[in-house]
Number of protein chains: 2
Amino acid sequence: MPNHTKKISSAIITIGDEILLGQTINTNLSYLASQLALLGAPVVYNITVRDRTEEIMAALDFCVNRFDVVISTGGLGPTADDITKASIASFFGVGQSHHEDIWQKVQARFAARGIQVPLINRNQALVPDGFTALPNDEGTAPGLFYRHNKGCFFALAGVPVEMRHVFERQITPTLKREYPQLESLIQKTVHSFGISESALAEDLDLADLPAELTFAWLPQTGRVDLRLSGYDLKLLDEWQKRVAAQISDYVWGFDEDSPASVLAALLKERGLTMSAAESCTGGLIMKMLSDEPGASDYLLGGVVSYSNEIKKQVLGVSGETLEKHGAVSEECAFEMLDGIKRLTKSDVAVSVTGIAGPSGGSDFKPVGTVYIGFSYLSASWVRRFLLTGNRQLIRHKAAEMAILHMIKRIKETQ
Amino acid sequence: MPNHTKKISSAIITIGDEILLGQTINTNLSYLASQLALLGAPVVYNITVRDRTEEIMAALDFCVNRFDVVISTGGLGPTADDITKASIASFFGVGQSHHEDIWQKVQARFAARGIQVPLINRNQALVPDGFTALPNDEGTAPGLFYRHNKGCFFALAGVPVEMRHVFERQITPTLKREYPQLESLIQKTVHSFGISESALAEDLDLADLPAELTFAWLPQTGRVDLRLSGYDLKLLDEWQKRVAAQISDYVWGFDEDSPASVLAALLKERGLTMSAAESCTGGLIMKMLSDEPGASDYLLGGVVSYSNEIKKQVLGVSGETLEKHGAVSEECAFEMLDGIKRLTKSDVAVSVTGIAGPSGGSDFKPVGTVYIGFSYLSASWVRRFLLTGNRQLIRHKAAEMAILHMIKRIKETQ
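Computed from a predicted model, the values in this text were never measured in an experiment. (Residues numbered from 1 in each chain as written. Chains lettered and ligands numbered in written order. Predicted model: local features only at pLDDT ≥ 70, side-chain atom pairs only at ≥ 80, totals over all residues.)

Draft legend 1. A look at unusual backbone geometry. The linkage connecting Gly357 of chain A with the following residue, Pro358 of chain A, adopts the cis geometry, with an omega of 5°. Relative to the helices and strands, Pro358 of chain A is located in the loop between strand E15 (348–354) and strand E16 (369–376). For Lys345 of chain A, which is not a glycine, the phi torsion comes out positive at approximately 55°. Tracing the backbone shows Lys345 of chain A in the loop between helix H13 (330–344) and E15. Positive phi, normally seen in glycine, also occurs at Asp255 of chain B, with a value near 50°. Here Asp255 of chain B is to be found in the loop between strand E12 (251–254) and helix H9 (259–270). (Helix = DSSP H or I, 4+ residues; strand = E, 2+ residues; numbered from the N terminus.)

Quick look at the structure:
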C-alpha cells in the first residue's frame, strides 16, 4: 500500500543505448524532475541503463524497493530493442495479455495516415497482467501503471512529446489520487533587466519574507529572473507583487513571459504596428517576434541591411554617414530607423547595428559594440551597448535588449 | 591494476541537486558519453544522486566495483553543498592534504580579476592522498585521478566548460596511457535531403559493407543523415565516398557541415552574393546565414515582408497578384524574388511565403503550405512544399529547405 502520510520521493529509470552513447540528451529527466518537484514528489535518484533485460531488472530492483514513486522512460516501442515491457513483466513476476482495444487504436492511427499497420505493432497491445494501460494520444505505445505493495510504478515511452502527454494527462492525476497528502509547489517569477544581480540585491528588501517562501536569483544572459517558491498561492501572489513594486523600473514580465511575448501583447493591446532594420542581428529580432502565433497583427516586417549597399539603397543611410562614422555608429542607427519608418510607416520601429565578432572590432569599437535605436510615434532614441560573449551570444543579447528596451519605451510613453 | 586486454567499459556518476530538481539538463552526460564512445571506452551506466555523502558513497561503491573507468561530475566547488571530494576521500579510505601549488594558482586567478580571494577557496587546494590533481585552466577546481586496484577513477567539476577542458586535456591522454588497447571509434556522415529514408534504402547498395563498419540512418527534421562508424579511417573514407556517389543527387554535405555553412562556403568559393525576401520564415533564413562568422562576404541582406503592405511597397508585389492569388502563391513568390533582386542586385536570391500556422490554413492551402523561390543569375524557379509539424518546425523546415535548394541549384548550374 502506498503510504498516505510521509513525504513522497521519486526515482527515474532512463532506458536506452542512445542516452549512454551521447546521441540523445536526457531532457526527459529534467522535465519529469521539475514536474515531480512541483507536485511535491521530488526525484532523488536517477539510473540510466542500456536496453538490456538484466540491467533494466537490476535498476527496477534497486529503485522499487527504495522509493515511493518509480517512473521508467524508454523502450516501449515495437522494435527488437524495445524490451522494457517484457523486463518489467518479468521483474514483477506477471504475464502479458493482448488488449484488443489498444490494438484497434493502433490500427486506426495507421489507417488515418493511409498506411497498412506492420504486424510488429501488435506488441503495443500487450499489457503486463495487473497493470493499467495509460492512453497515449500522441503515439502508439500506451503508458503503464502498477500499484505494488511499496508504492507506484509507471512506464513511459521515451519520445518526449508522448512522455509529456501521458505524464500530464495520466500520471499527474493518478499521483494526486494515490497520495492525497501531496502538496504542489508553486513558483512565481519576476523578470528584470537593465540592472545587475548585486545592485538588485541592494534595492530589494526581503527581511520580512516569510520563512515558508523560498527566494532565488536566476541570472539569465543579460538579465535576472527572481523566483519565489512555496505552497501558499495567496502569499506568493502578494510577494510577487511586493518584489515587482520594489524594483518596478527594471521589471519587464512575470512567470512564463518571454521578451517577445510581452512586446507582442503590448503591441496588440495598444493596436500598434512595428518594423525593424537589422544589421548584426541579421533578422533575429523579426524571427523572435514572428515566433508568436498571430504575429501578422503587429509585425509589418523590415529590412536586414547586412551590407552597406543595402543600408544605402534600401534604407537610405547616407554615404557620408557611413564614411565619416562607419556602419556601427549612433548616426547610422538613427538613419536606419528613419529609413525603416519611411518604408513601412509602422508605429514602432527598432534598428540594430553592431559588431558581433569574432573579428571586426577595434579599440574604439570592440567586438560587442552594438547601437540600438528605438522609435515610438514621433520620438526616437539610440543607445550604445557593450555586450559580452561569443558571436551567438552577442547577437542574442542584442536582439533581446532591443525588444526589452522597446517594451520599456512604449510603457513609459503611455 | 587496470586490465590491458579486454574491452573497457565506463560509468558516470552525476552529482547535484540541480539535476534532480530539473533546473539543469545533464549535458555533461551526453558529452562524456559521446567522447568515451569515440575513445573506445563506452559508458554503460549512469547514476544521478543528490549532494549527500551517503548517496555519493553508495553510487561509488556500486560503480567502482563493476566498471573499469568511473567518472564523477559535480560538487567540487568551494561552497557548503560541494561535498564530493570529502565523500570520495572517505570512500577510498584516505585523508586529504593541502597542495600549495594549487592554492597559489587559485589566488593568482582571483588576483587577475582584482578580487581578494575568499578563504573558503582554500578548500580547492585539498587533494585526497594518493590522488593526482588534474590542472583546470578554466576554473578553480582541479580534476582528480585515482588508480585503484580495479581501474581508474576521475572526478570533474560540474561546470560544463571546466568539465570539458579537463576531460580533453587530462583524462583523454590518461586513458590512452592506462589502456593502450583502446581503439578510437571514427564516424563519417553523409547528409542527404529531398528523399525519404525508405527510398534511400532502396537506392543504396550496402551488400558489400565490411562487417567492421557500422551503418546508421539518422532522420533529422526534413532530411536524413547516413552515418558510418568504425576504426579504420581509410576504409571509412572510401565508404563515405561510395555511399555519397550512390545517392549523389541528394547529398548536400558531410560530417560537421550544416546547411548554412555549406551554402556560405559555396557562395564564398564562387564569389557570389545573396539576398532574401522572407515572409512566413520572418528573418530565419538570414539569421541562419549570418550565424556564420564572415557572413558579410556573401550576405547582402534582404526584406522581411510579413505584411502585404511591405510586400507591395518595399518589394513591389502587385496588388492584383495579392488579390487574385493571395500572398501564399507561386505568383507572389516570383514577384518577391524579382523585388529583392531589383533592390539588392545580388547574384543569388531566395523568397519564401507560406502558412506556418497554427491558424490561417484552408482546404486548398493547408497550414504548412510554403512556396520557395530561388534565383541564380538570370534563372528563377518557385516550388510548392507541404511541410508538417508545429509553427516552429514548419518555419525551421522552410528555412532549411530554402537553403538546401539554393545549394542544389547553384551546384547544378556550375
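Draft legend 2. Region of the structure containing the domain arrangement of chain A. By the assigned domains, chain A splits into domain 1 (10–178), domain 2 (186–254) and domain 3 (259–413). Once you take the C-alpha centre of each, domain 1 of chain A and domain 2 of chain A turn out to be 38 Å apart. (Domains from an automatic or database assignment.)

Draft legend 3. Geometry of the relation of the copies chain A and chain B. Turning chain A through 180° and shifting it by 0.8 Å along the axis lays it on chain B, with an RMSD of 0.9 Å. Here the symmetry operator amounts to a two-fold rotation axis. When the interface residues of chain A are mapped onto chain B, 100% of them again fall at the interface, so both copies present the same face. (Least-squares fit on C-alpha atoms with pLDDT ≥ 70 in both. Contact = placed C-beta atoms within 7 Å.)

Draft legend 4. Up close: the interface of chain A and chain B. Contacts between the two partners involve 49 residues from chain A and, on the opposite side, 49 residues from chain B. Counting residues per element, the ones that place at least two in the side of chain A that touches chain B are helix H2 (27–39), strand E2 (43–49), helix H10 (284–290), strand E14 (299–304), helix H11 (308–313), H13 and helix H14 (391–413) of chain A. The residue inventory of the side of chain A that touches chain B, partitioned by class, reads 26 nonpolar, 18 polar and five charged. Bridge count between E2 of chain A and strand E2 (residues 43–49) of chain B: five bridges; the pairing is antiparallel. (Nonpolar A, V, L, I, M, F, W, Y, C, P; charged D, E, K, R; others polar. Pairing = 2+ DSSP bridges.)

Draft legend 5. Molecular detail of the sheet that holds strand E16 (residues 369–376) of chain B. Spatially, E17(A)-E16(A)-E15(A)-E13(A)-E14(A)-E14(B)-E13(B)-E15(B)-E16(B)-E17(B) is the arrangement adopted by the 10 strands of the open sheet, whose pairing is mixed. Both edges of this open sheet fall to strand E17 (379–386) of chain A together with strand E17 (379–386) of chain B, since each of them pairs with a single strand only. Strand-to-strand twist in this sheet, taken as the mean axis angle between neighbours without regard to direction, amounts to 15°. Here strand E13 (residues 274–278) of chain B runs beside strand E14 (residues 299–304) of chain B; their pairing, made up of five bridges, is parallel. Bridge pairing in E14 of chain B places Ser275 of chain B opposite Gly301 of chain B. (Axes fitted to C-alpha atoms, helices over the stretch in contact; angles between N-to-C directions.)

Draft legend 6. Quick look at the packing of H2 of chain A against helix H6 (residues 160–178) of chain A. Residue and element names in this part refer to chain A. As a packed pair, H2 and H6 sit with axes 11 Å apart at the nearest point and diverge in direction by 20°. Looking at the two axes, H2 sits roughly parallel to H6. Considering how the two elements wind past one another, H2 and H6 form a crossing that is right-handed. In this structure, H2 uses Thr27, Asn28, Tyr31, Leu32, Gln35 and Leu39 to contact H6, whose residues at the interface are Pro160, Met163, Arg164, Phe167, Thr172 and Leu175. Each residue belonging to the contact of H2 with H6 can be placed in one class, and the counts come to seven nonpolar, four polar and one charged. (Parallel < 35°, antiparallel > 145°, perpendicular 65-115°, else oblique. Left-handed = near helix turned anticlockwise from the far one by under 90°.)

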